[in-house]
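Now for the letters of each chain:
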Amino acid sequence: DTRDPTSLRTPIVAVLGHVDHGKTSLLDKIRGSAVIEGEAGAITQHIGATAVPLDIVSSIAGDLVDPEDFDLPGLLFIDTPGHHSFTTLRSRGGALADIAILVVDVNDGFQPQTLEALDILRRSETPFIVAANKIDTVPGWNENEDSPINATYESQTDRVQGRLDEQLYEIIGNLSDEGFSADLYWRVQNFQRNVGVVPVSAMTGEGVPDLLAVMMGLSQRYMKEEMEIDVTGPGVGTVLEVKEEKGFGKTVDIVLYDGTIRADDQLVVGGQNDPIVTDVRALLQPRPLAEIRTESRFEKVDEVSAAAGIKVAAPELDDAMAGAPVRVVRDRNLEDVVHEVQAE
Ligand code: GTP
Ligand code: MG
């Protein structure tokens with residue numbers, strides 16, 4: 001395959017689930033950083049975005065992901081809050097996603113926001129897998145840092161294996177009660193028809209290689225047509241956050257889910273009253289693996305392609321709103337683009 005991987009669209013992966021079930025920790029493990037320590041009371045209050053390049057995915061997943069088998073540039077993870085008051089943010093994150101990870105704490109099982117997330121995924125027909133998290137808390141667990149699930153499972157005593165099996169089958173039963181046919185991921189043939197359950201620990205990294213391998217497989221198999229859409233057209237995105245940035249004034253953090261955005265583009269951004277028409281002053285890209293919410297060192301770039309999290313500095317952004325649409329005008333008729341933004 002000689003296609004240029006950078007011409008394929010990066011899949012957007014939403015991470016959803018009940019408060020404290022370990023969404024941010026799981027992304028931290030993948031990032032090897034600790035956003036969670038920077039969050040007020042460790043409760044996620046905003047949507048975040050983190051780009052994980054293919055070579056990092058394959059270095060974490062080891063034998064489970066051979067980069068030669070994939071022509072995707074990587075994955076863009078969207079972190080969402082689990083606290084009950086953030087329903088809008090969760091549905092926004094869910095709506096942006098191509099695929100999703102529903103995180104469920106194996107001790108706590110299904111909780112109200114787990115069910116709410118399932119509803120969002122059902123309504124948006126988003127393919128997803130379940131990360132059955134915190135397997136390291138099974139009493140007597142023998143930790144094998146960053147190990148694939150098969151190897152660490154084999155190293156557990158019969159009692160520990162039995163206890164984990166019970167917890168996993170409870171989750172599979174809960175999914176079935178909600179109308180989703182589910183099974184342990186290695187028994188699933190078709191991830192579009194059946195939900196794969198991946199046992200993981202965000203703390204020890206056990207099962208994380210499996211999780212990444214399944215996400216890559218899902219993207220490659222079922223999202224292919226989407227990934228091959230033209231990523232050179234005028235960009236389309238959603239505002240995550242409106243923020244004051246030193247030296248730049250008001251900026252917007254956006255998730256670009258289609259096309260490109262360039263440093264000399266004209267933009268239409270949804271505002272509190274009318275759509276805002278403005279010119280990009282700077283495109284500020286977080287470093288790979290950095291969480292856009294907490295990143296402090298951005299690189300000025302000339303162009304970005306979907307999917308990406310990017311900070312945009314531009315005049316007139318005071319009335320911009322989280323959740324609002326963003327569209328690049330480029331060679332299109334400005335009036336038409338304004339109408340599109342108004343209609344969204
Ligand atoms: P919200 O963003 O508020 O919805 O929470 P969250 O789902 O992002 O959970 P978070 O990652 O903040 O983790 C909540 C708590 O669970 C923290 O104290 C983590 O250290 C702990 N935790 C997360 N994953 C694991 C795990 O795999 N094992 C253990 N033992 N603890 C975990
Ligand atoms: Mg969180």
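This structure is a prediction, so every number in the text was calculated from the model and none was measured.

What follows covers the overall build of the chain. A tally of regular secondary structure across the chain gives nine helices and 17 strands. The C-alpha radius of gyration computed for the chain amounts to 20 Å, which stays within 12% of the reference 20 Å derived for 344 residues, consistent with globular compactness. C-alpha atoms of the chain, sized along the principal axes, occupy 65 × 45 × 35 Å. Within the chain, the fraction of its 344 residues that count as buried is 47%. Taking contacts inside the chain between residues at least 6 apart in sequence as the whole, the part at least 24 apart equals 73%.

Let us look at the sheet that holds strand 11 (residues 266–269). If you trace the eight strands from one edge of the open sheet to the other, you get 12-11-17-8-9-16-13-14, paired in antiparallel fashion. The open sheet terminates on both sides in strands that have one partner only, identified here as strand 12 (276–279) and strand 14 (298–301). The mean angle between the axes of side-by-side strands here comes to 35°, regardless of whether they run parallel or antiparallel. In terms of strand pairing, strand 13 (residues 282–286) meets strand 16 (residues 308–313) through three bridges, oriented antiparallel. Among the inter-strand pairings, Leu284 is bridged to a residue of strand 16, identified as Lys311.

In space, the seven strands of this open sheet follow the order 2-3-1-4-5-7-6, with mixed pairing throughout. The strands lining the two open edges of the sheet, one partner per strand, are strand 2 (48–53) and strand 6 (182–184). Along the sheet, successive strands turn relative to each other by an average axial angle of 25°, direction set aside. Sheet analysis places strand 2 next to strand 3 (residues 74–79), joined by six bridges and oriented antiparallel. The partner of Pro53 across the bridge, within strand 3, is Gly74. Relative to the sheet, helix 2 (residues 54–61) contacts strand 2 and strand 3, its axis offset from that of strand 2 by approximately 75°. In this fold helix 6 (residues 158–177) packs onto strand 4 (99–105), strand 5 (128–133), strand 6 and strand 7 (195–199), with an angle of close to 155° to the strand it touches most, strand 7.

The next subject is the packing of helix 2 against helix 7 (residues 208–222). Think of two packed helices as two axes; the pair is described by the angle between the axes and how far apart they sit. Running from N to C, helix 2 and helix 7 point in directions that differ by 135°, and their axes come no closer than 8 Å. What the angle tells us is that helix 2 and helix 7 run oblique. The crossing of helix 2 and helix 7 is left-handed. Note on element contacts: helix 7 touches helix 2 through Val208, Pro209, Leu212, Ala213 and Met216, opposite Val57, Ile60 and Ala61. Here the residues of the contact of helix 2 with helix 7 are counted per class, giving eight nonpolar, no polar and no charged.

Around ligand 1, 22 residues are found, and the nearest of them are Gly22, Thr24, Ser25, Thr44 and Gly82. Among the elements that line the shell around ligand 1, the one with the most residues is helix 1 (residues 23–31), at three residues. The residue inventory of the shell around ligand 1, partitioned by class, reads seven nonpolar, eleven polar and four charged.

For soluble globular proteins, nonpolar side chains are generally found buried alongside one another. Within the largest apolar cluster, 94 residues are counted, with the highest numbers of intra-cluster contacts made by Val13, Ile78, Leu102, Val130 and Ala132. Here this core gets eight residues from one element, more than from any other, and that element is helix 7. Not counting residues up to four positions away in its chain, the partners in contact with Val130 are Leu102, Val104, Ile171, Leu175, Ala182, Val195, Val197 and Val198.

Within helix 2, the full set of buried residues consists of Val57, Ser58, Ile60 and Ala61. Along the axis of helix 2, the buried residues cluster in a sector spanning 160°; they form a single face. Exposed and oriented more than 90 degrees from the buried face of helix 2 are Asp55 and Ser59. Where helix 2 is buried, its residues meet helix 1, strand 2, strand 3 and helix 7. Backbone geometry just downstream of helix 2 places Gly62 in the positive-phi region, at approximately 60°.

Rules behind the numbers
- Residues numbered from 1 in each chain as written.
- Chains lettered and ligands numbered in written order.
- Predicted model: local features only at pLDDT ≥ 70, side-chain atom pairs only at ≥ 80, totals over all residues.
- Helix = DSSP H or I, 4+ residues; strand = E, 2+ residues; numbered from the N terminus.
- Rg over C-alpha atoms; globule rule 2.2 N^0.38 Å.
- Buried ≥ 20, exposed ≤ 12 C-beta atoms within 10 Å, placed from the backbone.
- Contact = placed C-beta atoms within 7 Å.
- Pairing = 2+ DSSP bridges.
- Axes fitted to C-alpha atoms, helices over the stretch in contact; angles between N-to-C directions.
- Parallel < 35°, antiparallel > 145°, perpendicular 65-115°, else oblique.
- Left-handed = near helix turned anticlockwise from the far one by under 90°.
- Nonpolar A, V, L, I, M, F, W, Y, C, P; charged D, E, K, R; others polar.
- Near = placed C-beta within 6 Å.
- Core = buried A, V, L, I, M, F, W, Y, C linked by C-beta atoms within 7 Å.
- Arc of directions from axis to C-beta.

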